[in-house]
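Understanding the architecture of this molecule
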Amino acid sequence: MDEYCIKTRGLKLFYGEFEALKGLDIRFLSGKTSALIGPSGCGKTTLLRCFNRINERYEGVRTEGEVVVQEHDIYSADTDLVELRKKVGMVFQRPNPLPLSVRDNILYGLRLHFSRKYRDASTLDEALETSLRAVHLWDDLKDSLSTEATTLSLEKQQKLCIARLLPLKPEVILMDEPCSALDPDATAKIEELLRDLAGDYSLVIVTHNMAQARRVSDECAFMLLGEVVEMRRTEDLFVSPRDQRTANYIEGRFG
Amino acid sequence: MNASPFATSARTATNRRVESVGKTVLAGVTALLILPLTAILGLLVIRGAPALSMEFLLEAPTAGMTAGGVFPAIVGTLWLVGVSLAVSAPVGIMAGIYLNEYAKANWLTRMVNLAIVNLAGVPSIVHALFGVGVFVLFLGLGTSILSASLTLAIMTLPVIIASTKEALAAVPMAFREACWTLGATRWQTIRHVVLPNSISGILTGVILQVSRAAGETAPIMFTGAAFYLPFLPQSVQDQCMALSMHLFTVSTQVPNVPEAIPYATALVLLSVVLLVNMFAIAFRTYLRRNRKW
C-alpha cells in the first residue's frame with residue numbers, strides 16, 4: 001500500500017466563476033482516519049466530493065490539477081468513473097439507503113459489477129454477513145434481512161450505507177458529515193464503528209463537529225476559504241496549532 | 001386584578017376577522033368546484049337515461065343515426081386511445097428521461113424544451129391539419145386509425161414528457177448519489193432506482209392523457225374518424241367511428257335525433273374514459289406494490 005491514499009497537486013475547483021478550491025496540495029495517510037474541519041463554505045465538502053468525482057454530475061463545475069489515488073491521477077482521461085467509485089466509496093450527510101430491502105442494499109454493488117456466475121448464493125450470503133458484521137449490524141438484522149432499509153432507524157440506515165460499500169472492497173471511504181443527522185447516542189455508535197474500520201480502510205471524514213474530529217481522526221486539516229490552512233496530527237493541531245487562524249477557530253472565536 | 005396583558009386588542013380583533021373572511025372565501029370557492037362536475041354528471045344521467053340500455057351499448061346506430069346504439073363508436077374510441085398512447089407513452093417517457101437525466105443545460109436542450117412547451121399550446125384543430133398534411137397525405141397513411149392515432153399522439157406527447165420530467169425531478173438526488181457512489185452507471189441508476197420511484201407519477205401523466213385522446217374531436221375528424229361505418233375496424237389501416245365524433249354528429253349534423261341520444265353518448269364517453277383510467281390506476285397500484293423493478 002502507498003503511504004498516502006490520496007494526494008492532490010494544485011487542485012482547483014470552480015463553480016462557474018467562483019473558485020471554491022484554490023490550488024490545494026494535500027495528502028491523506030493510508031489506513032488512517034483523516035478529518036477535514038472548517039467553517040461552512042470553506043470548501044471541505046467540495047474537496048471531499050472531488051475524490052470520487054461526484055461533483056461533476058452537476059452543471060458548471062470545473063476542476064484543475066491532479067488527484068492521485070493508487071499512483072494514478074483520477075482526473076486523467078483514462079479514468080473510468082465507475083471503476084473509480086468502486087475504489088473510493090462515499091457516505092453522505094443524510095443516510096440514503098436505496099428503497100430496497102436490507103439485503104438488496106448490501107448486495108447492490110455486487111449485482112452492478114459482477115456477472116451472474118460470480119454471484120452464487122453462498123458468495124452473496126457471505127458478503128452480506130461480512131459487511132453487516134463489519135458495521136455491527138449483523139446481530140440486529142440477521143433475522144430481518146428483507147426489511148425495507150428505509151424503515152430502519154437513522155443510525156442503522158447510516159451503518160447500512162457504510163456496509164453496502166464494503167463488498168466492493170474500497171480503498172478509501174469518504175464521509176461527508178456522517179453523523180450530522182443523528183442524535184448523540186447514534187453518533188457515539190457511528191464513531192465507534194469508524195474507529196473499528198480505520199486500519200482496514202482509509203477514511204476521510206468531513207465534520208462540523210471539532211470534538212468529533214478530535215475523537216475519531218489521526219490527522220486533521222483545517223480549511224478556510226478554499227485553502228488548507230494547516231494539516232497535522234490531530235492531537236498536535238488541537239493542542240498547539242501553528243497558525244493563528246486555526247487557533248482562533250478551534251477556540252471557537254469564529255465559525 | 002389588572003386586565004390581562006394578553007387580552008385581545010382592537011387591532012388583533014380586526015386581523016382575526018380578516019383572517020376568517022379570507023379563509024371562508026377560499027374554502028367556498030374550493031367547494032364550488034364540485035358543482036360543475038356534479039351538474040354535468042347529473043344532467044347527462046337524467047337526460048340520457050331514456051336512451052340507455054344494453055342495446056344502446058352493443059348495437060350500431062340505425063335509422064340514419066336516430067336510433068340504435070353506439071357500439072362501433074366505443075370500439076373506435078378504444079382503438080384510437082390504445083394506438084395513440086402506445087405511441088406517445090413510450091416516446092414521451094423516453095424523451096422525458098433523457099431530458100431530465102442526461103441532457104446538459106445547453107442551447108439545444110433549451111430549444112427542445114421550448115418546442116415541447118409550444119407544442120402543448122398548439123390548438124387541436126392545428127394538430128388536425130398537421131395530421132392531414134403529414135400522416136394522411138405526405139406519408140400516404142390515408143384516413144385511418146393510424147393517422148388519427150398518430151395525430152392524437154403528437155397532441156398528447158408534450159404533457160407526457162412534461163409530467164415524466166416532473167416525476168423524475170421529484171426523486172431525491174440522494175438516491176442517485178447512493179447509486180453513483182457504488183459505481184452505478186446513469187442507466188443502472190435510472191433503471192434500478194429512479195424509475196421505480198417515479199413510475200406512479202409518470203403513469204399519472206399518461207392516465208390524464210387518456211381522457212384527452214378519447215375526448216378530442218377535431219384531430220380525428222379529418223384523419224381517421226368517420227360519421228358512420230357499417231363495419232367494425234379490422235386493423236389500424238381502417239377508419240373507425242369514435243364516441244367524441246359521434247357525439248358531435250348526433251348533436252349537430254343529423255336532424256331529428258331524439259334528445260336522449262347525444263346525452264347518453266356523452267355519458268358513455270365519460271364512462272369509457274373512467275373505465276380506462278381505472279384500469280391504468282389499478283396497473284399503477286400493482287406496480288407500486290410489487291416494485292418488481
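Above: the structure in question.
Below or above, wherever it landed, is the structure these notes cover. (Residues numbered from 1 in each chain as written. Chains lettered and ligands numbered in written order. Predicted model: local features only at pLDDT ≥ 70, side-chain atom pairs only at ≥ 80, totals over all residues. Heavy atoms only, no water.)

1. Things to note about the overall build of chain A
Along the backbone of chain A there are 10 helices and 11 strands. The dimensions of chain A, computed from C-alpha atoms along their principal axes, are 55 × 45 × 35 Å. When burial is assessed residue by residue, chain A has 54% of its 255 residues classed as buried. Across chain A, contacts joining residues at least 24 apart in sequence account for 68% of those joining residues at least 6 apart. Of the accessible surface of chain A, which amounts to about 11400 Å², a share of 45% is contributed by carbon and sulfur atoms. (Helix = DSSP H or I, 4+ residues; strand = E, 2+ residues; numbered from the N terminus. Buried < 20%, exposed > 50% of the residue type's maximum accessible area, 1.4 Å probe, protein only. Contact = heavy atoms within 4.5 Å. Areas by Shrake-Rupley, 256 points an atom, 1.4 Å probe, with all protein chains shown as cover.)

2. Some points on the overall build of chain B
Looking only at helices and strands, chain B has 13 helices and two strands in total. Relative to the globule expectation of 19 Å for 293 residues, the C-alpha radius of gyration of chain B, 25 Å, shows a markedly less compact shape. Along the longest, intermediate and shortest principal axes, the C-alpha atoms of chain B span 90 × 60 × 40 Å. Looking at chain B as a whole, 41% of its 293 residues are labelled buried. Across chain B, contacts joining residues at least 24 apart in sequence account for 75% of those joining residues at least 6 apart. As displayed, chain B has an accessible area near 15600 Å², and 70% of this comes from carbon and sulfur atoms. Side chains of chain B give 17 positive and 9 negative charges; the mean places of these two sets differ by 17 Å. (Rg over C-alpha atoms; globule rule 2.2 N^0.38 Å. Lys, Arg positive; Asp, Glu negative; His and termini not counted. Charge placed at Lys NZ, Arg CZ, Asp CG, Glu CD.)

3. Digging into the interface of chain B and chain A
The partner chain A presents 25 residues to the 21 residues of chain B that form the contact. Buried area between chain B and chain A, summed over both chains or domains, comes out near 2000 Å², and the portion from carbon and sulfur atoms is 60%. The largest contributions to the chain B side of the interface with chain A come from Trp180, Thr181 and Leu182 of chain B, which together make up 36% of the buried area. There are one salt bridge connecting chain B and chain A. Across the salt bridge formed by glutamate 177 of chain B and arginine 49 of chain A, the nearest N and O atoms sit 2.6 Å from each other. Linking chain B with chain A are four residue pairs in polar contact (both at pLDDT 80 or more), by the criterion used here. Elements with a minimum of two residues in the side of chain B that touches chain A: α8 (173-180) and α9 (186-194) of chain B. Take the side of chain B that touches chain A: its biggest share by element is seven residues, from α8 of chain B. Residues of the side of chain B that touches chain A, tallied by class, amount to 11 nonpolar, six polar and four charged. (Buried area = accessible area lost by both parts, 1.4 Å probe. Salt bridge = Lys/Arg side-chain N within 4 Å of Asp/Glu carboxyl O. Polar contact = N/O pair within 3.5 Å; in protein donor to acceptor, adjacent residues only side chain to side chain. Nonpolar A, V, L, I, M, F, W, Y, C, P; charged D, E, K, R; others polar.)

4. Digging into the pairing of strand β11 (residues 227-233) of chain A
All names here are of chain A. Sheet analysis places strand β10 (residues 219-224) next to β11, joined by six bridges and oriented antiparallel. Counterpart to leucine 224 in the pairing with β11 is glutamate 227. Once β10 ends, the chain turns through two residues before running back antiparallel as β11, passing leucine 225 with a positive phi of about 50 degrees. (Pairing = 2+ DSSP bridges.)

5. Concerning empty space enclosed by the protein
Per the stated rule, a full pass over the model turns up one cavity of 30 Å³ or more. For the largest cavity, the calculated volume is near 30 Å³. (1 Å grid on protein atoms, 1.4 Å probe; cavity = no way out; pocket = protein on both sides within 12 Å on 5 of 7 lines; lining within 4 Å. Points joined across faces, edges and corners; volume = space filled by probe spheres on them.)

6. Details of the packing of aromatic side chains
Considering all chains together, one arrives at five aromatic pairs over all chains under this definition. Aromatic side chains phenylalanine 130 of chain B and phenylalanine 135 of chain B sit 6.0 Å apart centroid to centroid with 85 degrees between the ring planes, which places their arrangement in the edge-to-face category. Through a chain of ring-to-ring contacts, the aromatic side chains of Phe222, Tyr249 and Phe254 of chain A assemble into a single cluster. The ring of tyrosine 75 of chain A has arginine 53 of chain A sitting right over it, with the charged end atom 4.9 Å from the ring centre. Taking NZ or CZ as reference, lysine 86 of chain A lies 5.9 Å from the ring centre of phenylalanine 114 of chain A, over its face. (Phe/Tyr/Trp six-rings, centres within 6.5 Å; stacked < 30°, edge-to-face > 60°. Lys NZ or Arg CZ within 6 Å of the ring centre and 35° of its normal.)

7. A few points about the packing of α8 of chain B against α9 of chain B
Residue and element names in this part refer to chain B. Where α8 meets α9, the axes come as close as 10 Å, and the angle between the chain directions of the two elements is 125 degrees. Looking at the two axes, α8 sits oblique to α9. The two elements α8 and α9 meet at a crossing, and its hand is right-handed. Taking contact as the criterion, the partners of Phe175, Arg176, Cys179 and Trp180 in α8 are, on α9, Thr189, Val193 and Val194. For the contact of α8 with α9, the class distribution of residues is five nonpolar, one polar and one charged. (Axes fitted to C-alpha atoms, helices over the stretch in contact; angles between N-to-C directions. Parallel < 35°, antiparallel > 145°, perpendicular 65-115°, else oblique. Left-handed = near helix turned anticlockwise from the far one by under 90°.)

8. A closer look at the sheet that holds strand β8 (residues 172-176) of chain A
Residue and element names in this part refer to chain A. Strand order in this open sheet of six strands is β7-β8-β9-β4-β10-β11, and the pairing throughout is mixed. Sheet topology places β7 (88-91) and β11 at the edges, where each strand pairs with a single neighbour. Going from strand to strand, the sheet's axes swing by 20 degrees on average, the running direction of each strand aside. Where strand β4 (residues 33-37) lies against strand β9 (residues 202-206), four bridges are found, and the strand directions are parallel. Each bridged residue has a counterpart across the sheet, and for leucine 36 the counterpart in β9 is valine 206.

9. Details of the packing of helix α6 (residues 154-163) of chain A against helix α7 (residues 184-197) of chain A
All names here are of chain A. Contact geometry for α6 and α7: axes closest at 10 Å, N-to-C directions at 20 degrees. When the axis of α6 is compared with that of α7, the two are roughly parallel. The two elements α6 and α7 cross, and the hand of that crossing is right-handed. Residues Glu155, Gln158, Lys159 and Ile162 of α6 form the contact with α7, whose own contacting residues are Ala186, Lys189, Ile190, Leu193 and Leu197.

10. Topic: helix α6 (residues 124-138) of chain B
Residues and elements named next belong to chain B. Between its first and last C-alpha, α6 extends 20 Å over 15 residues, near the 21 Å set by a 1.5 Å rise per residue. The largest bend in α6 comes to about 30 degrees, at glycine 131. Where α6 is concerned, the buried positions are Ser124, His127, Ala128, Gly131, Phe135 and Val136. Of the surrounding secondary structure, the elements contacted by the buried residues of α6 are α5 (107-121), α7 (145-169) and α11 (218-221). Phi for glycine 140, located one or two positions after α6, is positive at around 65 degrees. (Expected span 1.5 Å × (residues − 1). Bend = angle between axes of the 7 residues up to and from the residue.)

11. Brief notes about the side chain of glutamine 158 of chain A
Locating glutamine 158 of chain A in the fold gives a position in helix α6. Exposure remark for glutamine 158 of chain A: the relative accessible area of 0% places this residue in the buried category.

12. A few points about the environment of arginine 164 of chain A
Looking at where arginine 164 of chain A falls in the secondary structure, it is placed in the loop between α6 and β8. Sequence separation between arginine 164 of chain A and leucine 132 of chain A is 32 residues; the distance between their C-alpha atoms is 8.4 Å. Each residue touching arginine 164 of chain A, except ones within four places of it in the same chain, is listed here: Asn96, Pro97, Leu98, Asn105 and Ile106 of chain A together with Ala178 and Leu182 of chain B. Side chain to side chain, arginine 164 of chain A and asparagine 96 of chain A meet in a polar contact 2.8 Å long.

Bear in mind that shape data such as this cannot, by itself, settle questions of function.
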